[in-house]
Each structure stands twice: as structure tokens, then as C-alpha cells.
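# Observations on the three-dimensional arrangement
Chain by chain, the residues:
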Amino acid sequence: MRWMIAGLAGCLLQGSVLAAQVPLAVLPGGAIAFKPVESIRERRFSNLVEQKTDFSCGAASLATILREAYNLDVDEDFVIEGMLAGADPELVQSQGFSMLDMKRYVQNIGMRARGYRISTEALQQLKVPVIVLLDVRGYKHFVVMQRAERGWIYIGDPVLGHKRYSLEEFSQGWNNIVLAVIGPGYDKTNALLSPPDPLTAKDRINAFRPVHDAELMEYGFIQSDFF
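Residues numbered from 1 in each chain as written. Predicted model: local features only at pLDDT ≥ 70, side-chain atom pairs only at ≥ 80, totals over all residues. Heavy atoms only, no water.

A word on the overall build of the protein chain. Along the backbone of the protein chain there are eight helices and eight strands. The buried share among the 227 residues of the protein chain stands at 35%. Contacts spanning at least 24 positions in sequence make up 56% of the contacts within the protein chain whose residues lie at least 6 apart. (Helix = DSSP H or I, 4+ residues; strand = E, 2+ residues; numbered from the N terminus. Buried < 20%, exposed > 50% of the residue type's maximum accessible area, 1.4 Å probe, protein only. Contact = heavy atoms within 4.5 Å.)

On to helix H6 (residues 99-108). All buried positions along H6 are accounted for by Met99, Asp101, Met102, Tyr105 and Val106. Viewed end-on, H6 has its buried residues packed into an arc of 155°, placing them on one side of the element. Looking one or two residues beyond H6, the residue adopting positive phi is Gly110, at roughly 85°. (Arc of directions from axis to C-beta.)

All right, on to the environment of Val143 then. By the element assignment, Val143 lies in strand E5 (residues 139-149). By relative accessible area, which is 0% here, Val143 ends up buried. Counting along the chain gives 13 residues from Val143 to Gly156, while the straight-line C-alpha distance between them is 5.9 Å. Those residues in contact with Val143, other than ones at most four positions away along the chain, are Ser61, Val130, Ile131, Val132, Leu134, Ile155, Gly156, Asp157 and Pro158.

The topology assignment puts Asp157 in strand E6 (residues 152-157). A distance of 2.8 Å separates the side chain of Asp157 from the backbone nitrogen of Val159, its partner in a polar contact. The residues contacting Asp157, other than those within four sequence positions of it, are Phe45, Leu48, His141, Val143 and Lys163. (Polar contact = N/O pair within 3.5 Å; in protein donor to acceptor, adjacent residues only side chain to side chain.)

Unlike most non-glycine residues, Arg150 shows phi in positive territory, near 50°. Here Arg150 is to be found in the loop between E5 and E6. Residues other than glycine seldom take positive phi values, yet Asn176 does so here, at roughly 70°.

The subject of this paragraph is the packing of aromatic side chains. Per the stated rule, a full pass over the model turns up three aromatic pairs. Aromatic side chains Phe170 and Trp174 sit 5.3 Å apart centroid to centroid with 35° between the ring planes, which places their arrangement in the tilted category. Taking the relative accessible area as the measure of exposure, Trp174 reaches 6% and is therefore buried. Here the guanidinium or amino end of Arg147 rests over the ring plane of Tyr154, the centre of that ring lying 4.7 Å away. One Lys or Arg, Arg164, reaches over the ring of Trp152 and ends 3.7 Å from the middle of that ring. (Phe/Tyr/Trp six-rings, centres within 6.5 Å; stacked < 30°, edge-to-face > 60°. Lys NZ or Arg CZ within 6 Å of the ring centre and 35° of its normal.)

Written as C-alpha cells, this is what we have:
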């Protein structure tokens, strides 16, 4: 038992960086079953390209769409190198990449990128992931808008991972422009359209409530069983 607990603790600690196969004694006779466990960090950045530099949010967001929606074998470094070929390196380091830089890069690899100005209400009509520019406390930041549903905007943030904002919160920092990447090989079932649920129990708080007497009686309890 001690070795199993120690092994489980070790796996969980390792899970803060990488997923692990956690041993569980659940089979008859004490046999061990292994279940994959995903760390919080891995879930937060699942199907997203994480930003590694101060100026590369645009490159990471674009790499996310190219990799997940078009199954292209690209990463942030690959996209940065391609976009720097047609951009001013000093300007990029001070201000980051622009939507124009992304558009030029996409065209150079044989695809199209189109910028559209749309209303907040029209976001729910979008059927593909797009890149948007948010103003976060005065800081301009590119993210992937994955989908809009029931008043919520689901975001793939290259710094913070998967996030969800109310329509009102999102509209306060958004400039009403989206950049859509268009090309052959688009995967209509790509993972960006199905972001994971928020890592919070806030939406499930109503499930943790006392069971009323009437509900207990539905399951065969009688009044004398109650204290």
C-alpha cells in the first residue's frame, strides 16, 4: 500500500508538468489498472500552441489554427520564422506581429486570410475558429476565438490557455474585427470548436445541495427513517 501511495503521489507531482499513468488497485485480486491523468496545465493548453515570447501571441494563435483546423505540422517557431521574412524585426520586437503580417504569411503558404468587421451579435453565427485582437488592461493581445454559444465566448489564449468570457466582457476589449484563415483541408470537426469546460466548479454549484425529504421518499425511504 505504501509503495502505491508513494507512486501515486509521484505521478501527481509529475502531472503538474506532464500527464501520467496513475496505478489504481481496482481489479479483482488486487490487480493494478492504469488510468491516464491529465494535469491542469495540460488541460488548460490542450490543442493550443503556447506563446513563448513577449511578441509572439499572433504567431502562436495562427499556429494553433493551422495545426488544429488544417492539420499542418507547424509550431510557434516555424510561424515566427515565416512571418519575420516579410516583416520589420525591430518593429515586431517592440509591437509584436500585426494582422497584416499574419495575412501575408498565410498567403505565402498558399492559403487566404480575410479580415472582417462584424457585430458582437454576429459572433454566434461564426462556424470556424478565428483570430481576434483583445485589449487586456491596455495590452494588445491576439487570441483564438473558438466559438460563441449561449452568451459565452470561448477563447484559446496563447498565454492563459482556454478561457471563457461573457459576451459583455468580451465586447469591452474587442475591436469588432476577426481574421479568418481560409484554405483547403479544413477539418470541420477540429478540436478548437469543442473547447474543454472551464476549470471551475462554479457552474456545478447547484448540484451540491441537500436532498429534500420528498426526493428521499421517491427512492423508497419512509418518514420514520428521517431524523
